[in-house]
Amino acid sequence: MAQLYFYYSAMNAGKSTTLLQSAFNYRERGMTPFILTAAIDNRSGVGKVASRIGLEANAHVFEATTNVFELIKAEYERNKLHCILVDESQFLTKAQVLQLTDIVDELHVPVLCYGLRTDFRGELFAGAQYLLAWADKLIELKTICHCGRKANHVLRLDENGRAIADGNQVEIGGNDKYVSVCRAHYKEELKKAHE
Ligand SMILES: [Zn+2]
């Protein structure tokens, strides 16, 4: 039975590495994975998934208006696909998460989504919201805070290392940095930012 999986975490938990490892495992068994990532993410060039440990692979991209069901179905009809791997899945829209459920239910191809659960304000990303609601399997990829506790929050830091409490949900390419921390340290840093 094909299923929809959501591998979620804070920043820097190795989501892209896990995705690329999974793609490698499929290829090793003679199967064809289809890799999709958000067009919004230009850190490593459009159409590429890159991990911090140096692995990378070419990817198809989705924008907010892309019908991912039609995109994948067209490819599937040319070339049988064995799994769909979606990086930066927090950027999917509600409609696109629904389209991914159609891939699973109508084409019977497993879909593995990798993404952040919440933004630096502690709010759910739209893609994460509907993946949490509709996925068959939820898998947390864990990373740790500097204190050793599980990190489940993301802090946005300015160039001086101070936490930023407000701003747009997506700010790719700026000089801001993101770090994963536990909830207690998240609250502590935000309190300092408001002092
Ligand atoms: Zn901590």
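First, a word on scope: everything that follows refers to the structure included in this document. Starting from 1, residues in each chain are numbered consecutively following that chain's sequence as written. Confidence filtering applies because this is a predicted model: local features only for residues at pLDDT of at least 70, side-chain atom pairs given and counted only at 80 or more, and all residues used for totals across whole chains, interfaces and linings. Values reported for side chains reflect all heavy atoms of the structure, with hydrogen atoms and water molecules removed beforehand.

Here we look at the environment of L36
Going by this rule: Secondary structure is summarised from DSSP: a helix means a run of H or I of at least four residues, a strand means a run of E of at least two, and numbering begins at the N terminus for each. Buried means the residue's accessible area, taken with a 1.4 Å probe over protein chains only, is under 20% of the maximum for its type, while exposed means over 50%, and partly exposed covers the values in between. A contact between two residues is defined here by any heavy atoms of the two lying within 4.5 Å.
Looking at the secondary structure, you find L36 in strand 2 (residues 33–38). A relative accessible area of 0% places L36 in the buried class. It is 4.7 Å that separates the C-alpha atoms of L36 and H60, two residues lying 24 residues apart in sequence. Leave out the neighbours within four places in its chain, and L36 touches A59, H60, V61, F62, V68, L71, I72, L85, V86 and D87.

Here we look at the coordination of the zinc ion
Keep this limit in mind: Coordinating donors are taken to be N, O and S atoms lying within 2.8 Å of the metal, or within 3.2 Å when the metal is Na, K or Ca; because water is excluded from the atom set, some sites may appear incomplete. Between 85 and 135 degrees for all angles marks four donors as tetrahedral; over 155 degrees for opposite donors together with 65 to 115 for all other angles marks four donors as square planar and six as octahedral; every other arrangement is irregular.
Within the protein, the atoms that donate to the zinc ion are C145 (SG), C147 (SG), C182 (SG) and H185 (ND1), at distances of 2.0 to 2.3 Å. Each of the four donor atoms around the zinc ion contributes to a set of angles spanning 101 to 115 degrees, which defines the coordination as tetrahedral. Positions of the donor residues of the zinc ion along the chain correspond to the pattern C-x1-C-x34-C-x2-H. On the basis of relative accessible area, C182 is assigned to the buried category, the value being 2%.

Some remarks on unusual backbone geometry
Even without glycine at this site, N12 takes up a positive phi of about 60 degrees. When its relative accessible area of 38% is taken as the criterion, N12 is described as partly exposed. In this structure, E88 is a non-glycine residue whose phi angle is positive, near 55 degrees. Looking at the element boundaries, E88 is found in the loop between strand 6 (83–86) and helix 3 (94–107).

With respect to the sheet that holds strand 6
Defined as follows: Here the rule is simple: two strands pair whenever DSSP picks up at least two bridges between them. Whenever a helix is involved, its axis is fitted only over the stretch in contact; in every case the axis is a line through C-alpha atoms, and angles between N-to-C directions fall within 0 to 180 degrees.
In spatial order, the strands read 5-2-6-7-1-8; together these six strands make up an open sheet with parallel pairing. Both edges of this open sheet fall to strand 5 (60–62) and strand 8 (137–140), since each of them pairs with a single strand only. Within the sheet, the average angular offset between the axes of one strand and its neighbour, ignoring direction, is 25 degrees. Pairing of strand 1 (residues 4–9) with strand 8, which is carried by four bridges, proceeds in the parallel orientation. Looking across to strand 8, one finds that Y8 is bridged to E140. Strand contacts of helix 1 (residues 15–28): strand 1, strand 2, strand 6 and strand 7 (111–116), with the helix running at about 165 degrees to strand 7, the strand carrying the most contacts. Against the sheet, helix 4 (residues 126–134) makes contact with strand 1, strand 7 and strand 8, and its axis sits at roughly 130 degrees relative to strand 1, the strand it touches most.

Describing the pairing of strand 9 (residues 153–157)
If a strand is regular, its side chains alternate between the two faces of the sheet. The element strand 9 is largely enclosed, with a buried count of five among its five residues. Across the two faces of strand 9 the burial is the same, with H153, L155 and L157 and V154 and R156 all buried. Sheet analysis places strand 9 next to strand 11 (residues 177–181), joined by five bridges and oriented antiparallel. Note that in strand 11 the partner of L157 across the bridge is K177.

Quick look at the packing of helix 2 (residues 68–78) against helix 3
How two helices sit against one another is set out by the angle between their axes and by the gap between those axes. Defined as follows: Polarity classes work like this: nonpolar for Ala, Val, Leu, Ile, Met, Phe, Trp, Tyr, Cys and Pro, charged for Asp, Glu, Lys and Arg, and polar for all others, with Gly in that last group.
Where helix 2 contacts helix 3, the axes come no closer than 8 Å and their chain directions differ by 35 degrees. On helix 3, the residues that touch V68, F69, I72, K73 and Y76 of helix 2 are Q96, Q99, L100, D102, I103, E106 and L107. For the contact of helix 2 with helix 3, the per-class residue count stands at seven nonpolar, two polar and three charged.

Focus on the side chain of T143
Considering the arrangement of structural elements, one finds T143 in the loop between strand 8 and strand 9. The contact partners of T143, leaving out residues within four places of it in the chain, are A10, M11, N12, A13, R149, K150, A151 and S180.

Focus: the nonpolar core
As a rule of thumb, soluble globular proteins bury nonpolar side chains together. What counts is decided by this rule: Here, the term nonpolar core denotes a set of buried Ala, Val, Leu, Ile, Met, Phe, Trp, Tyr and Cys residues that are joined through side-chain atoms within 4.5 Å.
Ranked by internal contacts, the top residues of the largest apolar core, which has 33 residues, are I84, V86, L100, I103, V111 and C113. Elements with a minimum of two residues in this core: strand 1, strand 2, helix 2, strand 6, helix 3, strand 7 and helix 4. Once you skip the residues sitting within four places of it in the chain, V111 turns out to touch Q3, L4, Y5, I84, V86, L100, I103 and V104. In terms of nonpolar packing, the next biggest core, distinct from the first, is built from 15 residues, Y7, A59, C83 and L112 among them.

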